[in-house]
Amino acid sequence: MDVLADALTAIGAVLLPVAAVLLFEELTLGGLVRLLLARQAGARKVEEPRNRKGDRTCWH
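Residues numbered from 1 in each chain as written. Predicted model: local features only at pLDDT ≥ 70, side-chain atom pairs only at ≥ 80, totals over all residues. Heavy atoms only, no water.

J.: Outline the overall build of the chain, listing residues and values.
T.: Along its length, the chain carries one helix and zero strands. Within the chain, the proportion of its 60 residues that are buried is 2%. Split by element, the accessible area of the chain, about 6,300 Å² in all, is 66% carbon and sulfur. (Helix = DSSP H or I, 4+ residues; strand = E, 2+ residues; numbered from the N terminus. Buried < 20%, exposed > 50% of the residue type's maximum accessible area, 1.4 Å probe, protein only. Areas by Shrake-Rupley, 256 points an atom, 1.4 Å probe, with all protein chains shown as cover.)

Here is the structure:
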């Protein structure tokens, strides 16, 4: 039983830093990539032509 407890302690000691590094990477680089690749609001928005009253123009 002590061998099992020691094995779980060793596995936990190895996996904890790996999990911490992955979490740190996801929070920093994942957020930066999402921020840089996010479409900026209104940058490519094509607005329909309108007449003087604000109604849409008829094209036919």
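Let's pick the thread back up.
J.: Kindly report on helix α1 (residues 2–37), identifying the contributing residues and their values.
T.: An ideal rise of 1.5 Å per residue puts 52 Å on 36 residues; α1 measures up with 51 Å between its terminal C-alpha atoms. Of all the bends in α1, the greatest measures close to 25 degrees and is centred on E26. For α1, the buried fraction is low: one of the 36 residues fall into the buried class. (Expected span 1.5 Å × (residues − 1). Bend = angle between axes of the 7 residues up to and from the residue.)

J.: Just give me the short version of a nonpolar patch on the surface, but keep the residues and values in it.
T.: Together, M1, L4 and L8 line one region of the surface with nonpolar side chains, adding up to about 390 Å² of accessible area. With a relative accessible area of 55%, L8 lands in the exposed category. (Patch = residues over 30% accessible without salt bridge, like charges linked within 9 Å, V, L, I, M, F, W, Y side chains within 5 Å. Salt bridge = Lys/Arg side-chain N within 4 Å of Asp/Glu carboxyl O.)

Keep in mind that these numbers describe shape and distance, not what the molecule does.
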